[in-house]
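Inside the fold
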Amino acid sequence: MSLPAVLLAVGSSPSPSPSPSETTPTVPSLQDAQESATNAASWVEQNWSTWLAISLRVVLILVIAGVLRAVVQRAITKLIDRMTRTVEAVDGTSLGGLLVNNERRRQRSQAIGSVLRSVASFLILGTAALMILGAFQINLAPLLASAGVAGVAIGFGARNLVTDFLSGVFMILEDQYGVGDVIDAGVASGEVIEVGLRVTKLRGDNGEIWYVRNGEVKRIGNLSQGWATAGVDVTVKANEDLDRVKATLDEVAEKMTAEEPWNELLWSPIEVLGLDSVLLDSMVVRVSAKTMPGKSMTVERELRWRIKRAFDAADIRIVGGATAPLGEEEPVDATAVIAAPSAHSDSDSPQSAATAPIAQPRTAPK
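What comes next is a walk through the structure. Within any chain, residue numbers begin from 1 and follow the written order of that chain's sequence. With the structure being a predicted model, the display of local features is reserved for residues of pLDDT at least 70 and the display and counting of side-chain atom pairs for 80 or more, all residues being used for whole-chain, interface and lining totals. Computation of side-chain values covers all heavy atoms of the structure but excludes hydrogens and water.

1. Some thoughts on the pattern of salt bridges
- When a carboxyl oxygen of Asp or Glu lies within 4 Å of a side-chain nitrogen of Lys or Arg, that pair is called a salt bridge. Inspection of every chain in the model, using the stated rule, returns twelve salt bridges.
- Here R286 and D233 are joined by a salt bridge, their closest N and O atoms 2.7 Å apart. Of the two residues, R286 is situated in strand β8 (residues 282–291) and D233 in strand β6 (residues 228–237); the sequence distance between them amounts to 53 residues.
- Any residue under 20% of the maximum accessible area for its type is buried, any over 50% is exposed, and the rest in between are partly exposed; the area is computed with a 1.4 Å probe on protein chains only. On the basis of relative accessibility, which here comes to 42%, the residue D233 falls in the partly exposed class.
- Counted as one network, the salt bridges with shared partners bring together D164, R213 and E216. Strands are runs of DSSP state E lasting at least 2 residues, helices are runs of H or I lasting at least 4, and numbering of each runs from the N terminus.

2. Here's the deal with a nonpolar patch on the surface
- Residues enter patches when their relative accessible area tops 30% and they take part in no salt bridge; the joining distance is 9 Å for like charges and 5 Å for the nonpolar side chains Val, Leu, Ile, Met, Phe, Trp and Tyr. Only the protein chains shown count as cover for residues, and the accessible areas themselves come from Shrake-Rupley with a 1.4 Å probe. A contiguous nonpolar patch, built from V162, F165, L166, F170 and L173 and spanning about 450 Å² of accessible area, is present on the exposed surface.
- With respect to the helices, strands and loops of the structure, L166 is situated in helix α6 (residues 159–174).

3. Examining unusual backbone geometry
- The amide bond that connects E260 to the next residue, P261, takes the cis arrangement and shows omega of 0°.
- Inspection of the secondary structure puts P261 in the loop between α7 (242–258) and α8 (262–265).
- The phi dihedral of D315 is positive, around 55°, even though this residue is not glycine.
- Tracing the backbone through its elements, the reader meets D315 in the loop between α9 (296–314) and α10 (350–355).

4. A closer look at the environment of M83
- Looking at where M83 falls in the secondary structure, it is placed in helix α2 (residues 30–85).
- It is 6.9 Å that separates the C-alpha atoms of M83 and S109, two residues lying 26 residues apart in sequence.

This is the structure in structure tokens:
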């Protein structure tokens, strides 16, 4: 076969048809688009009432929760303001104004208001959130079960924190102590400089700051509420004249009560209570007075100072010998504090020879 015949045969053979993957994508027709739109409109028409009902329910829940939260917080604020304006009285006297000052009432009221607002907001908003989830047909049983398990786990892990918080809340509600009070908390004592729901800060006598957890406090002794007692025990010789001792103490008490600033710190006259104890060589006279809270130590120091000077002036003997007259000093005998010489100090004395160790006899070598 010649070459032209072969080329003619190849050119006359049918060309291969294109594969389906190489075909041009078909464009949706107008009829398909119209059918899809009709289905979507039908689905929206069937469910729009449900959507509207759920939306209205959610909006209603949010509105009610917001209004209720605002009303409750406003009521709490009014209650706290009323507590702040209230001035408590003790036994019908003006003592309440000194015991509970404005700053302490303000801080206590703010702490109580903060706790109440937080609890009210948590309860109202938490309930609203659960109601909204229920409106969306969400099963709350697994969520509540998980929350319960998590709450138990957190409670076991943070039981000390919960204990501290609850103790702080009840401490504030009961007004056990406040800023400026001097307390004895068992684990530490000092002046309260900050009161928190978890920790109370105290400043000790040496200036140190103690951080006391509220849950660790088992007992509290408040030294700044009511009044304090200043007591001084005066010890004198048993042969002293009791009438003269009492007259001297009464004179000191009368002068101190009339002078400033002691007349403000003393809330009752200084009283000589009498003999507190009687021994063979001494007797103790008790002097006592009611003072402003936290000022008992100051009054006691001043009272001891005045009693000592009055006894020196009246030549009243105290335990240990006669008091030194004012402005004079007794000569000091240097030999009074030196012990007598001992016979053992002389190595040739019979006492030293008697206490010398006995010499062991030596054996001659063989």
